[in-house]
Structures are given as structure tokens and as C-alpha cells.
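Report on the structure
The chain contents come next:
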Number of protein chains: 2
Amino acid sequence: MGFVPSAQRLPLDEVLVGDCVAAMNALPASSVDCVFADPPYNLQLGTAGLLRPDQSRVDAVDDDWDKFASLEAYDTFTREWLSACRRVMKPNATLWVIGSYHNIFRVGSALQDLGFWILNDIVWRKANPMPNFRGKRFTNAHETLIWASRSAESKGYTFHYEALKGGNEDLQMRSDWFIPLCTGEERLKDAEGAKLHPTQKPEALLARTLLSATNPGDVVLDPFFGTGTTGAVAKRLGRRFIGIEREETYANAARARIAAVTQLSQAALMLAPAKRAEPRVPFLSVIEAGHIRPGEVLTDERRRFKATVRPDGQLGVGPVCGSIHKIGALVQGLPACNGWTFWHAERNGRPLVIDSFRETMRGAMASAG
Amino acid sequence: MGFVPSAQRLPLDEVLVGDCVAAMNALPASSVDCVFADPPYNLQLGTAGLLRPDQSRVDAVDDDWDKFASLEAYDTFTREWLSACRRVMKPNATLWVIGSYHNIFRVGSALQDLGFWILNDIVWRKANPMPNFRGKRFTNAHETLIWASRSAESKGYTFHYEALKGGNEDLQMRSDWFIPLCTGEERLKDAEGAKLHPTQKPEALLARTLLSATNPGDVVLDPFFGTGTTGAVAKRLGRRFIGIEREETYANAARARIAAVTQLSQAALMLAPAKRAEPRVPFLSVIEAGHIRPGEVLTDERRRFKATVRPDGQLGVGPVCGSIHKIGALVQGLPACNGWTFWHAERNGRPLVIDSFRETMRGAMASAG
DNA sequence: GAAGTCGGTGAATCAGCAC
DNA sequence: TGTGCTGATTCACCGACTT
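Residues numbered from 1 in each chain as written. Chains lettered and ligands numbered in written order. Predicted model: local features only at pLDDT ≥ 70, side-chain atom pairs only at ≥ 80, totals over all residues. Heavy atoms only, no water.

The name that an unreviewed UniProt entry assigns to chain A is Methyltransferase, with the source organism given as Methylobacterium dankookense. Listed in UniProt under the heading Sequence similarities (unreviewed entry), the comment for chain A reads: "Belongs to the N(4)/N(6)-methyltransferase family." (UniProt positions renumbered as here; feature names shortened; annotations may be inferred.)

Right, dumping it as C-alpha cells:
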């Protein structure tokens, strides 16, 4: 432990190096307004390593800090750091934790057991997730954040409802957020150009949490500071931070990163989220929404070709089945085909292009991002 | 308990009325292929009731079945029904559970503790969620499903990867699903026109889970059957079901609802054959069929590497010979290689991937029965 | 300079069968 | 049950490079 902060004074806008539980226990009680925590996920990967289809190796998280002997050991660790957080939180402070299905159920249960009161679970929908290379599961395309107040009695927590609504085209901000991964310029690299930290979070994610649940000048504590995304965003948004990080290398990188950040003007602090490209609509969703029935026969505009709609969102022609695009190409003998503009369903005695159903769906999805 | 099923016979396509743990314990072990469970959420609402902005009262879930004395009582209940499910699941069966932040962390922790192996967490993004009337939180716009196999060793579970991909415009199905709430015609009403069940799930949600993770003819168990959405969808998709429901009123509504459902045609049900189920074609057969000549030189697509086809179906590079896969890995210096997609033969002056010969062979094999 | 191509990569609990 | 062989498998984005 390289620091001994006074029990009276908060080490503001500093990165403390050491074990987070010990460091938090050295801070005064009831002293921070918000906690953001990105704890180890306890991934338990296989020993063989995962290969991509091109035989390159996936650079997975295999760091020592993510290794726990058992679920019980992980639970003990979780209760300890959550308890330490709770002690330093002001009565109306709130806590954010991010995790995946590997750990988030353990974390959620533990914080309920400790008396935290869950306000929302938030889904970070990744714009560009890693695919599932083996084709054995659904693409793991999201992570979960839990937002909780210190207790059920903490009614006075900060939540900028109106600002969030204004930044969301006057619709309430939902619990599912669509945000890209941290890549490109934003991703910190080491001298060799490799990623400096395996799990650096996007600043956009932190920005939305801090804008939602803190005021300018509030103190934000991050017990798993890593390369300091929380600190960088806090400084830019005019919040104070306390970072705790076990690895000196990460702490140093975080200090340099934060030093380069400048605070936004007060006026610029509440930006509207950028508009995303039009949402992609799976053909299966069009069936699920009831626009097209399973078993219905689709044709081209001039009714020369026919195909049957399957309940899984594929089209069938005789024994062959595939996506709307693939089957469209097949029946025409072409290398490719846009199924949305090729296939039609009979409505009011006339062929209606299925792309019109997609347009309808997009209208419904617009409010949901 | 109004039923005593034989330990030998499965009560298929029936609704059993009674406590789900007792009912499951009366079923034979290792007998069902899939479980879908929508347990009580333990909502812990305040006693005052929630008012909309126009002062009308929100018709919230306040039924007795959703009341538990404490988190511990809810955990005990959860472990009991999950254990009973696990006993009746076949070794490669999978379990789906749906919940919200009130209960899903308890459920997820409990099933991990019991030895289930989480395959994915799935986010059901609601197209039309109820707004947050007080403006104190984010709109609760999603629920979470956990998909788990019976144990980490259950590698042979059903997952229709190719069919899902085909229904999603040839992209892997992600873990976030956008599906509307159950409303309108689909929502069951009582004699007064009020909703019959407070938490009826949309059939589209069940359809996607059953299409993903079961085969036609599979047995799907639902221990919290309610008004029988699982049974209705299972019947329509050609699956068998076992429903267990405590309330006679709901069970009767479910029976009537399911009786009115007709199964989709066999043609509409047929799933795309999984790629791995396609017949294996030895490389030697491709030579024997005359698609490739012994002595012919194969190359990679860009003609950087060369190998000679031997009459026994191996490839030779200088003094070394081996399978198309082994030699492909060798020349590239990789640990492994799919020779079918790596090697090309010159046809019409251009490299043609040898996998296309395999496709041709498969077509011939299929038509030959 | 613009447009297109190519390679790299992201918190991953990611095989099945014969012997 | 363990070992070893065969073989099935990826999407969105970014940056560097080529045309």
C-alpha cells in the first residue's frame, strides 16, 4: 500500500495504488456521491484457447486478476468490495456495477443481500460484438449494468430524468443502450501497439452513467480503475474522482491519460446522443410481429417464383431453405439478390413487397434505438 | 394435488394442476428435452399502489403467488423448483428462465450453484414497455432470459445455429431480441374484458426460444404454465409439452386456448439441416468421382502454395504427404487448416475452391437417397 | 484525393468422435 | 475416462495500404 490518506481528507482526482478494499476502508465513511465498478468477471475459460475460423487466436482475458478458485471465493471477494463501497457511500449515493452473465448474477445477489436497492438493470448493447466462432450459442452481444441506491430508504438519489429525455428526442431514456466498443483512437495501446488493458470500457458508456446519476462537482469512486476511463470522463464532465487500481502500470497510464483531458464547457455538458444508422430488421422479426404468417407463400412481383415462409424466418423451396436473400438468388439463378425488394406477399389481392413491412417495423423500433 | 402420474409414463400435452415441485418430483428422471420457466418475480411493490400521471391506477402484479416473506424465502423456493427441473431434464436438455432485476440475479446465482451451465443471457427488448410514471428511473424496457444446459459437460444440447442465421439475413442471432409485448387479440381476457393473467408472455418470445433450442417432437416442460403460452407455441411448432399450474382457473384457460391451436404444416416446420449433419465426403471420393485428377496440382486462392494430388486422396509437397487439412496447415505454418476451403484447382483459368466439388457430390448423394 | 482492398480484433465460460 | 485425430467456424469497425 503506497498511500495512507487521512481519515478526514478525501484524496480527490488521484489514483491510489493498492487493494481496493483496504484503500476504501481508509477513506472516511459517507463521503462519495457515486461508485462505478468494473470488477473481474471470473470468466473461467477453457485451457485450449479459442481459434477464429481463419485459425488466428482470440486474445482472451487470461490475466491473474480474473482467476478465482471457486464460485464461493468469487462471492467472498464480491461481498468484501461491495461492503467497503457501501460504507463510503453517502446515504443518497448510487452504485453502478458492470458485468456479464459469468458474474453479474453473483454481484446482483450479493448487493441485494447487503441492503442495496436496485433501481434499474441496464443493458449495454454492443454495436460490434465479437462473433460466436463455433456457432454453438447466440452472439454474446451485450453486457449488463446494475444501478442501485445505498438502501431502499435512499429516496433522494440523483437522476437527471428531464435532461436524459431531452437528449433522447423527448422520449424517456430506456434501460437498453446501444453503444460501440472501445476501439480505434480511444483504445489505449502499449509501446508495441498492443492493447494496454484487456477490458477498457468506452467513454460513451461512462458518460451516460455519470450524466444520468451525478451532478457537476460530485465525487465518483472507481475501485477497479484500470486505465482510468471513469476518471477521464469524470474530469471532462466536471465531476471529481477517486481511482483505486492494483497495478502500477495501469495507474500510471490512467494518470497520463487523465492529465490530457480538458473539462467541457458548462454548456456542452449535456450533448444529445448521436443518431445511429437505421436499425437492422431481421426477417424473423417481421414474422414475430405478425406481418407475415409462417406457412404463407411469397412470390416475386410477377408471381413467377414461389417460396414458403418457415417459422424460423427462412424461406423454403421444395427441400431447400435459406434466408430471403439466398432463396431469392437461388430461384433466379443469380449470385445475389436483395430479398426485401424481391419477395412479395399477397395483400388485398395484390403482391405487396415485404420491404414495406420492414419500414413499418422500423417506425416501431425508432423509439427503441 | 389433483393428479398422480405414473413414474413410468409422461403426461404429454396435458396441464397438471398443483404445486410444481411435487408434480415434477412425480415425473421420471431424465425425461424432458427442454424447460421453459416464468417463475414469480418477487416484485415487492409498495402497498400504496402506483398512479399514472392522469391519476388512474396501474394494474400491477399484486397476486398472492408473487409474495415472499424475504429474499431467503424466495431463494429457498428458487432452489427447490430448479432442483426439481434438473432432475427431470435429460443430460443434454436446456433450461430457459425469464425474469426481471427483482429476481433474475437470485435465479441466476441459484442455478449456477446447482451445477447448471449458463450458455447465454438473452435480453428481451420490449417494443412497447410501460413508461416510468414517476420519472425517477430509466424506463424498464427489457426482461432477461437465462439459457443454461444441465451441466458444463452437456455439450450435445440442441441449437439451430444455421436456421437462426438464415432467419436473420445470414447473420448470427444476437443475445438481444426486439419483440413486442403480448397485447391485442393475443392477450387472453376474462368475461369482463380484463386481462386474464397479469404476466402473459408474447408467443413470439416462446417461438424463438423453442425454435432455437428444441427439435420437433421434443418434450418441453413449463412448471409455471399460467395461461399456457408455452403449450400453445409448442403445439403450433410440433413440440410436445407438459404444463404445471397451481391455479385451476389458469389451467382451464390454457386448455381451451391450446385446443384452438393447430399445428403448422410439416413443410413449414422443417428446419434447415445443420451443416455438421451433412454427409461427410472423403477427399478420395472426389477423386474417384473424377472431379479432380491424381497428379493434378492444387494451390491456395492466390497461388502462393502448391501441392500435388496423390491417387490415395492425400496431398504431397516434396517428400511430405498427408491429408488436405494437414498439408494446408503445414504450408501455412498454422496449427490447423480446413483443407476444403483452402485448396483450389484450376478450372477455366481460375482457381476454384475444392469445397465446390464436395457440394456437387452432396447434391448427387442427396438425390440418390 | 477518392475509393476500394486487406488485415486486425473485441470480457469467450465456443467440438465430436473413434479408439 | 482419456488421448488423439478430424474438421467446422465470424461481424462490425478501424486503420493501413493500394488503385
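For the rest of this paragraph, the subject is the overall build of chain A. Tallying secondary structure elements over chain A gives 11 helices and 14 strands in all. Principal axes of the C-alpha set define a box for chain A whose edges measure 80 × 50 × 40 Å. Counting the 369 residues in chain A, one finds 54% classified as buried. If you take every contact in chain A between residues at least 6 apart in sequence, the share linking residues at least 24 apart comes to 66%. Roughly 16100 Å² of accessible area belongs to chain A as shown, and the carbon and sulfur atoms make up 52% of that amount. Computed over 44 positive and 41 negative side-chain charges, the separation of the two mean positions in chain A equals 6 Å. (Helix = DSSP H or I, 4+ residues; strand = E, 2+ residues; numbered from the N terminus. Buried < 20%, exposed > 50% of the residue type's maximum accessible area, 1.4 Å probe, protein only. Contact = heavy atoms within 4.5 Å. Areas by Shrake-Rupley, 256 points an atom, 1.4 Å probe, with all protein chains shown as cover. Lys, Arg positive; Asp, Glu negative; His and termini not counted. Charge placed at Lys NZ, Arg CZ, Asp CG, Glu CD.)

As a matter of local geometry, DNA strand C sits amid 40 residues, with A:Arg52, A:Tyr101, A:Met130, A:Arg134 and A:Lys195 nearest to it. Close to the protein, within 4 Å, the atoms of DNA strand C are drawn from sugar and phosphate at a rate of 48%. The side chain of A:Lys136 places a nitrogen or oxygen atom 2.9 Å from a phosphate oxygen of DNA strand C. In this structure, B:Trp117 approaches DNA strand C through a side-chain N or O atom, which is 3.1 Å from a base oxygen. By residue class, the composition of the surface near DNA strand C is 19 nonpolar, eight polar and 13 charged. (Near = heavy atom within 4 Å. Polar contact = N/O pair within 3.5 Å; in protein donor to acceptor, adjacent residues only side chain to side chain. Nonpolar A, V, L, I, M, F, W, Y, C, P; charged D, E, K, R; others polar.)

With that settled, the discussion passes to the pattern of salt bridges. The tally for this structure, following the rule as stated, stands at 35 salt bridges over all chains. Among the ionic pairs, A:Asp75 bridges to A:Arg106, the shortest N-O distance being 2.8 Å. With A:Asp75 in helix α2 (residues 71-88) and A:Arg106 in helix α3 (residues 104-113), this pair connects stretches of sequence that are 31 residues apart. Here the two residues A:Asp75 and A:Arg106 agree in accessibility, since each one is buried. The partner of A:Glu143 in a salt bridge is A:Lys126, with the nearest N and O atoms 2.8 Å apart. With A:Glu143 in strand β5 (residues 142-149) and A:Lys126 in strand β4 (residues 117-126), the pair connects residues that are 17 residues apart, well separated along the chain. Each of the two residues, A:Glu143 as well as A:Lys126, counts as buried. Among the ionic contacts, a cluster of salt bridges with common partners joins A:Asp75, A:Arg106 and B:Asp113. (Salt bridge = Lys/Arg side-chain N within 4 Å of Asp/Glu carboxyl O.)

For the rest of this paragraph, the subject is empty space enclosed by the protein. Following the criterion strictly, the structure yields two cavities of 30 Å³ or more and no others. Counted as a void, the largest cavity has a volume near 40 Å³. Lining of the largest cavity is provided by A:Ile104, A:Phe105, A:Asp121, A:Thr144, B:Ile104, B:Phe105, B:Asp121 and B:Thr144. The set of elements that each furnish at least two residues to the lining of the largest cavity consists of α3 of chain A together with α3 (104-113) of chain B. The residue inventory of the lining of the largest cavity, partitioned by class, reads four nonpolar, two polar and two charged. Its boundaries defined by the atoms lining it, the second largest cavity holds a volume of some 30 Å³. What lines the second largest cavity is A:Phe159, A:Tyr161, A:Leu164, A:Lys165, A:Gln172, A:Met173, B:Arg137 and B:Phe138. (1 Å grid on protein atoms, 1.4 Å probe; cavity = no way out; pocket = protein on both sides within 12 Å on 5 of 7 lines; lining within 4 Å. Points joined across faces, edges and corners; volume = space filled by probe spheres on them.)

Next up on the list: the interface of chain B and chain A. If you look at the interface, chain B gives 73 residues, while chain A gives 75 residues. For the pair chain B and chain A, the summed buried surface comes to about 6600 Å²; carbon and sulfur atoms form 51% of the total. Broken down residue by residue, the surface that chain B buries against chain A is led by B:Phe105, B:Phe138 and B:Glu169, which jointly contribute 14%. Inspection of the region where chain B meets chain A yields six salt bridges. Salt-bridge contacts for B:Arg208 lead to A:Glu288; the nearest nitrogen and oxygen are separated by 2.6 Å. One can count 39 residue pairs in polar contact (both at pLDDT 80 or more) joining chain B with chain A. Ranked by residue count, the leading element in the side of chain B that touches chain A is strand β4 (residues 117-126) of chain B, at nine residues. Its residues assigned to classes, the side of chain B that touches chain A comprises 40 nonpolar, 18 polar and 15 charged. (Buried area = accessible area lost by both parts, 1.4 Å probe.)

All names here are of chain A. Put simply, α2 and α3 touch, their axes get as near as 10 Å, and they point 50° apart. With respect to each other, α2 and α3 are oriented oblique. As for the relative orientation of α2 and α3, their crossing is right-handed in sense. Facing Leu71, Tyr74, Asp75, Thr78, Arg79 and Leu82 of α2, the residues of α3 in contact are Arg106, Val107, Ala110 and Leu111. Looking at the contact of α2 with α3 residue by residue, the class counts come to six nonpolar, one polar and three charged. (Axes fitted to C-alpha atoms, helices over the stretch in contact; angles between N-to-C directions. Parallel < 35°, antiparallel > 145°, perpendicular 65-115°, else oblique. Left-handed = near helix turned anticlockwise from the far one by under 90°.)

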